[in-house]
Amino acid sequence: MGRTQFFSSLAFAAGLASSAAFAGAAYENVKVEAGKTLFDAECHRCHADNSSDPSYGPTLIGIIGRHAGTVADYEYSETLANAPIVWTPAALRAWMEDNQGFMPGTKMRHVGITDRTVQDFILSYLATLKN
Ligand code: HEC
């Protein structure tokens, strides 16, 4: 989809998100759908969301609650391999916002996602990636 269309569907999703009529499961589904679109645009070229698909970056299946740098057989940078953190939603926000500032020495290219709503959507999608 084109960039304008992409941003207008985001604005639409954000509008729905703030509408009281869309509570509970319907609201969460909208966030997951928007998150998938954003993940495809910003993350998918380096991170597979399917365990049988090898990728340049480590798999993000099960990322929320996982200890950093622990995918077996993945060659992490020294920084990430030794990072003493668990991937909570707050840590993932800091990473999306400025991964190289958050963990100097990481080999992941800077992504710079500073918009909190965009971060929310991506987090909703990441939460669905389970083994
Ligand atoms: C240009 C390729 C690229 C893009 C785009 C990219 N990543 Fe990464 N990502 C990597 C690489 C490579 C690593 C491993 C970094 C290291 O070892 O220092 C990584 C590591 C990670 C980790 C740490 C995983 C772990 O096992 O500890 C998370 C979380 C992550 N990326 C999330 C994301 C998200 C979310 C996006 C999209 C917003 C994204 N990445 C976009 C390449 C990328």
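All figures in this text were calculated on a predicted structure; none of them were measured in a lab.

A. The coordination of the iron atom of the ligand, seen in detail. The protein atoms that coordinate the iron atom of the ligand are His47 (NE2) and Met108 (SD), at distances of 2.0 to 2.1 Å. One can describe the site at the iron atom of the ligand as octahedral: its six donor atoms subtend angles covering 85 to 179° at the metal. Here His47, found in the loop between helix H2 (24-42) and helix H3 (78-81), pairs with Met108, found in the loop between helix H4 (89-102) and helix H5 (116-126); they are 61 residues apart in sequence, far enough to count as distant. Relative accessible area serves as the criterion here: at 23%, Met108 is assigned to the partly exposed category.

B. Highlighting the environment of Val30. Relative to the assigned elements, Val30 resides in helix H2. Sequence spacing of Val30 and Ser124 is 94 residues, and the spatial spacing of their C-alpha atoms is 9.5 Å.

C. Quick look at the packing of aromatic side chains. Enumeration over the complete set of coordinates arrives at four aromatic pairs. Summarising the aromatic geometry, the rings of Phe39 and Tyr125 are spaced 5.2 Å apart at their centres and angled 50° between planes, so their arrangement reads as tilted. Placement of Phe39 in helix H2 and of Tyr125 in helix H5 is noted, with a sequence separation of 86 residues between them. According to the relative accessible area criterion, Phe39 is buried, its value standing at 0%. Tyr125 sits in the buried class, given a relative accessible area of 7%. Taking 4.8 Å as the distance between ring centres and 70° as the angle between the ring planes, the aromatic pair formed by Tyr74 and Tyr76 counts as edge-to-face. Across the pair, Tyr76 and Tyr74 agree in class, each one buried. Aromatic ring contacts, followed pair by pair, group Trp87, Trp95 and Phe102 into a single cluster.

D. Summary view of the pattern of salt bridges. Under the counting rule described, the total for this entry stands at three salt bridges. Across the salt bridge formed by Asp40 and Lys36, the nearest N and O atoms sit 3.5 Å from each other. Highlighted residues: Asp40 and Lys36, both in helix H2, separated by four residues, approximately one helical turn. Exposure remark for Lys36: the relative accessible area of 31% places this residue in the partly exposed category. The salt bridge partner of Lys36 is Asp49, with a shortest N-O separation of 4.0 Å. Within this pair, whereas Lys36 is found in helix H2, its partner Asp49 is found in the loop between H2 and H3, the two being separated by 13 residues in sequence. Taken together, the shared-partner salt bridges connect Lys36, Asp40 and Asp49 into one network.

Calculation criteria
Residues numbered from 1 in each chain as written. Predicted model: local features only at pLDDT ≥ 70, side-chain atom pairs only at ≥ 80, totals over all residues. Heavy atoms only, no water. Donors = N, O, S within 2.8 Å, 3.2 Å for Na, K, Ca; no water. Tetrahedral: all angles 85-135°; square planar, octahedral: opposite > 155°, others 65-115°. Helix = DSSP H or I, 4+ residues; strand = E, 2+ residues; numbered from the N terminus. Buried < 20%, exposed > 50% of the residue type's maximum accessible area, 1.4 Å probe, protein only. Phe/Tyr/Trp six-rings, centres within 6.5 Å; stacked < 30°, edge-to-face > 60°. Salt bridge = Lys/Arg side-chain N within 4 Å of Asp/Glu carboxyl O.

Limitation: the analysis is restricted to geometry and does not speak to function.
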